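Working through the structure, step by step
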Amino acid sequence: MNLRWIGKPIPRQDAWTKVTGEARYMSDLSMPNMLWGRVLRSPHPHALIKSLDISEAVACPGVVTVLTHHDVPGLNAYGIVVQDQPVLCSDKVRFVGDAVAVLAAESKEAAAHALELIKVEYELLPGVFDPEVAMQQSSPAIHAKGNVLRHSKVHHGDVEAAFADSAVVVEREYRTSRPISAFLETEGGMAMFGADGVLTVYCGAQYPDRDVIQVARALGLERDKVRMVSSLVGGGFGGKDEITVQIYLALLALNTKRPVKLVLSREESMVTGWKKHPMIVRMKTGASIDGTLLAHEVSIISDTGAYASLGGTILHSAMEHCSGPYRVPNVKVEGHCVYTNNSISGAMRGFGVNQVTFAMETQMDILAEELGLDRLDIRLKNGLKDGDKGALGSLLVTAMGPVQTLQAAGQTELWSQRETYKAEPSRPWKKRGVGLAAAIKGCGLGFRMPDFGAASVELLPSGFFRVRVGCPEIGQGNTIAFAQMAAEVLGCSVDQVEVVTGDTGETPDSGTSTASRSIYVAGNAIIDAATKVVELVEQGISARLVVDVEEVELGEAEVRAGDAILSYLDVAALLLQNGQTCYASGRFDAPKATEEVPSVYGLPHLVFGTNAHVALVEVDTMTGQVEVLRISAVSDAGRVINLQGLEGQSEGGAVMGMGYALTEDIIIDQGMVRTLNFNNYIIPTAMDTPPISTTVVEVVEKTGPFGAKGVGEVVCISITPAITNAIYDAVKVRVTELPATIERVLAGLQDG
Amino acid sequence: MERERICFTLNNSPVEIHCHPGERLVDVLREQLDLTGTKEGCGQGECGACTVLLDGRAVNSCLVLIGQVAERSVLTIEGLAAGGKLDPLQTAFVTEGAVQCGYCTPGMIISAKALLMEKQNPTEAEIKEAIAGNLCRCTGYIKIIKAVQTAASARLEG
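Residues numbered from 1 in each chain as written. Chains lettered and ligands numbered in written order. Predicted model: local features only at pLDDT ≥ 70, side-chain atom pairs only at ≥ 80, totals over all residues. Heavy atoms only, no water.

The next subject is the nonpolar core. One finds I300, V333, L662, I723 and I727 of chain A to be the most contacted residues of the largest nonpolar core, which totals 93 residues. Looking at this core element by element, the count peaks at 9 residues for helix α10 (residues 353–371) of chain A. Apart from the residues lying within four places of it in its own chain, the contact partners of I300 of chain A are M279, I280, L315, A318, M319, V333, E334, G335, H336 and V356 of chain A. Of all hydrophobic cores here, the second largest spans 57 residues; its members include V96 and M656 of chain A together with C47 and I145 of chain B. (Core = buried A, V, L, I, M, F, W, Y, C linked by side-chain atoms within 4.5 Å. Buried < 20%, exposed > 50% of the residue type's maximum accessible area, 1.4 Å probe, protein only. Helix = DSSP H or I, 4+ residues; strand = E, 2+ residues; numbered from the N terminus. Contact = heavy atoms within 4.5 Å.)

Shown next as structure tokens:
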């Protein structure tokens, strides 16, 4: 394929207004006559609401409206899969931060003051904070239907017989932490009614079309009376996939008929935002003497907190990826997703795969050590290939990259020269180690959920092409990739293409900007639409200028038609003024597996991206402090659309996964969140960031646009076990609980 | 709240505003003066998204009260492109791919600007230290550090 734009490191178009401060995020917007909204939240993790008195708050000067559950006109609940989270709690609160009332006032100060005047009488209930306790029948029920949201089992092959045949069996328990997306822009935005009676909610989010459904359902409005504008987003990472403040904004605008703004404080965001599920993962893995994996038995208990959101789906994703990027013929996996009175867990970059990959990649290192095998060799021996079966027994029929990716990781200087890198620690009491790990992550929504891309491409009177896609730009850079893919098909330069995303009034529903899917599905839809527009332009010019269609050719800055050369402005004038449409919509329905995995809803995925990481760490044996000195990442994204964007994902993902390995954890003590801001929720800074190199392995996916897969999540997964495996390589401390804090590593050193 | 007249220099032009001197600089910039390039990420000086230059030094505008800037000079991201010409830092952030969601970008560029006003050719360690108070969740900082180096080189050559 001779490609003009695909793969090039073209700087993103949207960066220009971001560096000047002109770019307006939804939380930057304001209007004349605008009110300020606030949310009253429960201070208790589990309690009955006995009474609710808003009279003093209503009478407070500057207060325009105070709303409770009585004022939710439609369904007083939301949730992507299960609608079990009240918009405003009526009888019971289930976590610290549960919403009880919302109000709007003339100023931020008046809103804050009025919040203190709302009187809520609670009757405290015993809280349940340990998911294993919550699973017991005798535990207090958080929801009427019980505390187990999802219980699923899959068994294929004969695990017992395969364990009996194994030369070595490794059995360990792993516990993972509760990190949060910690996007720099907290949840917030503005809502207002237009003259046409349409309620527009401006709120940074990952799926505006679904937000319309959830807002309209809660407000009892027709969907066509609600418009959602979601781009730009100051970071998403999954944490803006579910409803955040959209319904509060809409309720307040509905009741006041004035523009209302509401932006969460960082503390409110830390308490109420969606966290990655903490999981208890028990793994028993058997292998033959040569390291061939034979049997794998896995139990996962996932703490989804007070409400469901995507908890069940995330559990299933964890189950599907429970053998990491490796082939195991006999697998038995059982998962429980459990309600607790902890804060809510939901989607966060990796969708359940980070947790099980950390466990599996630690198992692989232990197996290698017990069998006396090289850590890379055992991985290469078991790496998944096209035609293998995945962990749940489904056939993998698309381009699988584990072997190629691991081979490239083995060729990195950091791995091949690891003994040299380890030889000279910076201080005599420090020790260095190198770790290796790999991961796969399914792209898209799996077997059951509708998984489609939609886009339109249009030649504008200005001579520019406009591409419209529903999937919002959440920072990942899908807009520049969309522009490159459109330009590649159209033949014009990338500068000739404008991209609009994430506005239900403007853009076709193209699904979520999640699940490493937007380039895959929307890219294919753009190719479809752009191909049609090329035909429209060629045929139109051919008819107007009376030349053969074959003689019309769209070029970078101009269109050639026989002997004539026209600018795109001329082309637009010639065609549009004569009433010809130069607009086409495109659609792509993601292919599905031929059969569903029995007993787990919605699996398998069909397309997988792969990543491998090599990490060099230095451990201070006096303090337990771990410093990451160097990272080599190997990325299989299929065909790379934008190299600069891929590197950006790779570097950002590695640093996020490093935070997961070493520092990040929302600490909850009896339901109370203790990490309320960046003073004690520690994300990596520039000082913590080591040099990161990214090697690209293009295992081209034939169903992907130009061969691309998704990459947004898989880049942040294997780095975590690469770091913890490096810690073991340095000081023989096996990390089985995340994060590997100074205290835990030091305790390990002292035990050793 | 008692309002006062407060005069200061903002983006190289004199301004006069009427507000309570105890209001935070970040709020006055964003809500009264509609300069929303300065972002708020944490409200307690941990993330650096609200960084502005106060008399040439990088400060968190969420920790500065408007009364404290009287008769002083404030430069925000909107004032960085003098006469419409982008600062080399702004250009380098775009070309090096240092911008993803972009929410940290204004504060990051302002912190880097403060560094380059002090040191023409900073080392990588000096760059990392200068932006250590600016959190970024998207990029992993690698391309941000590269952009500051590129801008420093461009200034030296230019």
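Moving on, there is more to tell.
Okay, the packing of aromatic side chains next. Residue and element names in this part refer to chain A. Tallied over the full model, the rule gives 5 aromatic pairs over all chains. Ring geometry for F95 and Y307: centres 6.1 Å apart, planes at 80°, overall edge-to-face. In this pair, F95 sits in the loop between β4 (92–93) and β5 (99–105) while Y307 sits in the loop between β14 (293–305) and α9 (311–320), placing the two residues 212 residues apart along the sequence. We classify Y307 as buried; its relative accessible area is 0%. Geometrically, the ring pair formed by Y174 and F358 is edge-to-face, given 5.7 Å between the ring centres and 80° between the ring planes. One end of the pair, Y174, is in strand β8 (residues 168–175); the other, F358, is in helix α10, and 184 residues separate them in sequence. (Phe/Tyr/Trp six-rings, centres within 6.5 Å; stacked < 30°, edge-to-face > 60°.)

So, on to the interface of chain A and chain B. Across the boundary between the two partners, chain A contributes 53 residues, which contact 46 residues of chain B. Carbon and sulfur atoms make up 58% of the surface buried where chain A meets chain B, a total of about 4,000 Å² over both sides. Looking at the side of chain A facing chain B, the largest losses of area belong to V19, L184 and A686 of chain A, adding up to 18% of the total buried there. In this assembly, chain A and chain B are joined by 8 salt bridges. Linking K143 of chain B and E651 of chain A is a salt bridge whose minimum nitrogen-to-oxygen distance equals 3.5 Å. One can count 27 residue pairs in polar contact (both at pLDDT 80 or more) joining chain A with chain B. Top contributing element to the side of chain A that touches chain B by residue count: helix α18 (residues 643–662) of chain A, with 8 residues. (Buried area = accessible area lost by both parts, 1.4 Å probe. Salt bridge = Lys/Arg side-chain N within 4 Å of Asp/Glu carboxyl O. Polar contact = N/O pair within 3.5 Å; in protein donor to acceptor, adjacent residues only side chain to side chain.)

We now examine helix α7 (residues 246–256) of chain A. Residues and elements named next belong to chain A. For α7, a buried count of 10 out of 11 residues is recorded, marking the element as mostly surrounded by other parts of the structure. Regarding α7, the residues found buried are Q246, I247, Y248, L249, A250, L251, L252, A253, L254 and T256. Once α7 finishes, K257 follows within two positions and takes phi at roughly 55°, a positive value.

What follows covers the side chain of R432 of chain A. Residue and element names in this part refer to chain A. Within the secondary structure, R432 sits in strand β16 (residues 430–443). From its side chain, R432 meets the backbone oxygen of Y421 in a polar contact 3.0 Å long. Within the structure, R432 has its side chain in polar contact with the side chain of E618 (distance 2.8 Å). If we ignore the near neighbours within four places in the chain, the residues touching R432 are Y421, K422, E424, P425, S426, L616, V617, E618, L629, D729 and A730.

It is worth spelling out a negative patch on the surface at this point. Together, D548, E550, E551 and D563 of chain A make up a negatively charged patch on the protein surface. Structurally, the position occupied by E551 of chain A is in the loop between α16 (518–545) and β20 (552–554). (Patch = residues over 30% accessible without salt bridge, like charges linked within 9 Å, V, L, I, M, F, W, Y side chains within 5 Å. Areas by Shrake-Rupley, 256 points an atom, 1.4 Å probe, with all protein chains shown as cover. Lys, Arg positive; Asp, Glu negative; His and termini not counted. Charge placed at Lys NZ, Arg CZ, Asp CG, Glu CD.)

With respect to the helices and strands, the residue K261 of chain A is situated in strand β12 (residues 260–263). A polar contact of 3.0 Å, which involves the side chain of K261 of chain A, links it to the backbone oxygen of S27 of chain A. If we skip the residues at most four places from it in the chain, K261 of chain A touches S27, D28, L29, M34, L35, W36, G37, G189, M190 and L249 of chain A together with R30 of chain B.

Moving on, we get to the domain arrangement of chain B. Residues and elements named next belong to chain B. On domain assignment, one finds that chain B holds domain 1 (4–79) and domain 2 (82–157). Computed from C-alpha atoms alone, the centre-to-centre distance between domain 1 and domain 2 is 21 Å. Both sides of the domain 1 and domain 2 interface together cover about 1,200 Å² of buried area, and 66% of this is carbon and sulfur. Split by residue class, the side of domain 1 that touches domain 2 holds 7 nonpolar, 6 polar and 3 charged. (Domains from an automatic or database assignment. Nonpolar A, V, L, I, M, F, W, Y, C, P; charged D, E, K, R; others polar.)

To continue, consider the domain arrangement of chain A. Residue and element names in this part refer to chain A. Per the domain assignment, the segments making up chain A are domain 1 (27–125 + 187–263), domain 2 (279–446 + 595–750) and domain 3 (452–589). Distance between the C-alpha centres of domain 1 and domain 2: 37 Å. Taken together, the contacts link 19 residues of domain 1 with 19 residues of domain 2. Overall, the association of domain 1 and domain 2 removes approximately 1,400 Å² of surface from exposure, summing both partners, and the carbon and sulfur fraction of that is 61%. Interface area lost by domain 1 to domain 2 is led by D84, F95 and F237, which between them contribute 36%. One can count 0 salt bridges joining domain 1 with domain 2. On the surface where domain 1 and domain 2 come into contact, there are 9 residue pairs in polar contact (both at pLDDT 80 or more).

Residues and elements named next belong to chain A. Pairing in this open sheet of 3 strands is antiparallel, and the strands run β20-β21-β22 from one edge to the other. Looking along the sheet, the strands with just one partner apiece sit at the ends: β20 and β22 (564–567). Ignoring which end each strand starts from, the neighbouring axes of this sheet average 20° apart. In the sheet, β20 pairs with strand β21 (residues 558–561) via 3 bridges, with the strands oriented antiparallel. Counterpart to E553 in the pairing with β21 is R560. (Pairing = 2+ DSSP bridges. Axes fitted to C-alpha atoms, helices over the stretch in contact; angles between N-to-C directions.)

Tallied over the entire structure, the rule returns 53 salt bridges over all chains. With a closest N to O distance of 2.9 Å, D28 of chain A and R30 of chain B form a salt bridge. Taken together, the positions of D28 of chain A in the loop between α1 (15–20) and β1 (35–41) and R30 of chain B in helix α1 (residues 25–32) put the pair across two chains. Here D28 of chain A and R30 of chain B have matching classes, each one buried. Residue R418 of chain A pairs with D374 of chain A through a salt bridge whose shortest N-O separation is 3.5 Å. Residue R418 of chain A is found in helix α14 (residues 418–423), and its partner D374 of chain A is found in the loop between α10 and α11 (375–382); the two are separated by 44 residues along the sequence. Classification of R418 of chain A as buried rests on a relative accessible area of 17%. In this structure D374 of chain A comes out as partly exposed when scored by relative accessible area, which is 28%.

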